[in-house]
Amino acid sequence: MSKLRFNLSISLDGYLAGPDQSLENPLGVGGMHVHDWVFPLAAFRRMHGLEGGEANASTQVVEESVANVGAVIMGRNMFGGGRGPWRDDPPWTGWWGDNPPYHAPVFVITHHPRAPLAMQGGTMFTFVTDGIASALAQARAAAGDRDIVIAGGASIARQYLAAGLIDEANVSLAPVLLGAGERLFDGLGAAGLRLEQVRVIEAPGVTHLRYRVIR
């Protein structure tokens, strides 16, 4: 059965990104260290067209994160390009080069309209200006019976959590303290969110937590 899920890394003090995010530093000050555990993995490197790498207990988590994915949802900041209307000279096509690692339809939630953007490897970015429900409906139509993954950022994940639409939350907890930035679970206490922990995997530099969202 198709699920709406996310696989996101956060710091020990709960931040998905550090302070002072910018085009030059998209994860903010220190934010990249939240992902230090994944960069050496062969499974991650293959996704980005790189050779070599290692295998450890995190390998399973990375491989599961991209398995059975029929569509992806992300926010404007995750796709990048700065705030405001889209620039044309040169046009922003994402952080990932000509062949993004998604290889599936990707729905980017934004306030600013833009024509769909086809990339190599089967990635098609569609820009959705009428909110999270519309993005999810379009993603479900594209995904069929496969899963839909929320790639980030924190604001988009929080909106879907607050709306009670997430089925599974996968959180990779890194032993990093950022002190400020953007928290994944901020402001969700009033949403009455209930989570059941269903798995824990300990790996070098990270602890992977899986939660089922109880409705």
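Since the structure is predicted, the reported quantities are computational estimates derived from the model, not experimental observations.

Student: Tell me about the overall build of the protein, and please be specific about residues and values.
Tutor: Regarding its fold elements, the protein presents five helices and eleven strands. Its C-alpha atoms give the protein a radius of gyration of 17 Å, near enough to 17 Å, the size a compact globule of 215 residues would have. For the protein, the C-alpha atoms occupy an extent of roughly 45 × 40 × 35 Å along the three principal directions. Within the protein, the proportion of its 215 residues that are buried is 46%.

Student: Break down the pattern of salt bridges for me, citing the residues and quoting the values.
Tutor: Evaluation of the coordinates by the stated rule reveals nine salt bridges. For Asp147, the salt bridge identified is with Arg5, shortest N-O distance 3.0 Å. Note that Asp147 is positioned in strand E7 (residues 147–152) and Arg5 in strand E1 (residues 4–11), a separation of 142 residues in sequence. Judged by its relative accessible area of 3%, Arg5 is buried.

Student: A description of the environment of Leu177 should follow, citing residues and the corresponding values.
Tutor: Relative to the assigned elements, Leu177 resides in the loop between strand E8 (168–174) and strand E9 (182–183). With relative accessibility at 65%, the residue Leu177 sits in the exposed group. In this structure, the C-alpha to C-alpha distance between Leu177 and Val34, residues 143 residues apart in sequence, is 8.9 Å. With near-sequence residues (within four places) excluded, Leu177 lies in contact with Leu12 and Asp13.

Student: Let's hear about the environment of Ile132: which residues, and what values?
Tutor: Looking at where Ile132 falls in the secondary structure, it is placed in helix H4 (residues 132–143). Contacts of Ile132, omitting those with residues within four sequence positions, involve Ile109, Gln159, Tyr160 and Ala163.

Student: Please provide a residue-by-residue account of the sheet that holds E8, values included.
Tutor: Backbone-to-backbone hydrogen bonds pair the strands of a sheet. The strands run either parallel or antiparallel. Strand order in this open sheet of nine strands is E5-E6-E4-E3-E7-E1-E8-E11-E10, and the pairing throughout is mixed. The open sheet has two edge strands, strand E5 (117–118) and strand E10 (194–203), and neither has a second partner. Note: E10 against strand E11 (residues 206–214), nine bridges, orientation antiparallel. Across the sheet, Glu202 pairs through a bridge with Thr207, a residue of E11.

Student: Requested: an account of the side chain of Asp147, with residues and values cited.
Tutor: By relative accessible area, which is 5% here, Asp147 ends up buried. A polar contact of 2.9 Å, which involves the side chain of Asp147, links it to the backbone nitrogen of Lys3. A distance of 3.0 Å separates a polar atom in the side chain of Asp147 from a polar atom in the side chain of Arg5. Discounting chain neighbours no more than four positions away, the residues touching Asp147 are Met1, Ser2, Lys3, Arg5, Asn68, Val69, Gly70 and Ala71.

Student: Could you give me a rundown of the pairing of E1, with the residues and numbers involved?
Tutor: With seven of eight residues buried, E1 is to be regarded as a mostly interior element. Sheet topology note: the E1/E7 ladder contains three bridges and is parallel. If you follow Arg5 over to E7, its bridge partner there is Val149. Where E1 and E8 come together, seven bridges link them in parallel fashion. Opposite Ser9, over in E8, you have Ser172 as the bridge partner.

Student: Please provide a residue-by-residue account of the packing of aromatic side chains, values included.
Tutor: Within the structure shown, the criterion is met by nine aromatic pairs. Ring geometry for Trp96 versus Phe125: centroids 6.0 Å apart, planes at 15 degrees, classification stacked. Of this pair, Trp96 sits in the loop between helix H3 (76–79) and strand E4 (105–109) while Phe125 sits in strand E6 (residues 124–128), placing them 29 residues apart in sequence. Taking the relative accessible area as the measure of exposure, Trp96 reaches 19% and is therefore buried. With a relative accessible area of 0%, Phe125 lands in the buried category. One aromatic cluster is present, formed by Phe79, Trp86, Trp96, Tyr102, Phe125 and Phe127 through successive ring pairs. Positioned over the ring face of Trp86 is Arg76, at 3.6 Å from the centre of the ring. Taking the ring centre of Trp86 as reference, the NZ or CZ of Arg114 above it sits at 4.9 Å.

Calculation notes
- Residues numbered from 1 in each chain as written.
- Predicted model: local features only at pLDDT ≥ 70, side-chain atom pairs only at ≥ 80, totals over all residues.
- Heavy atoms only, no water.
- Helix = DSSP H or I, 4+ residues; strand = E, 2+ residues; numbered from the N terminus.
- Rg over C-alpha atoms; globule rule 2.2 N^0.38 Å.
- Buried < 20%, exposed > 50% of the residue type's maximum accessible area, 1.4 Å probe, protein only.
- Salt bridge = Lys/Arg side-chain N within 4 Å of Asp/Glu carboxyl O.
- Contact = heavy atoms within 4.5 Å.
- Pairing = 2+ DSSP bridges.
- Polar contact = N/O pair within 3.5 Å; in protein donor to acceptor, adjacent residues only side chain to side chain.
- Phe/Tyr/Trp six-rings, centres within 6.5 Å; stacked < 30°, edge-to-face > 60°.
- Lys NZ or Arg CZ within 6 Å of the ring centre and 35° of its normal.

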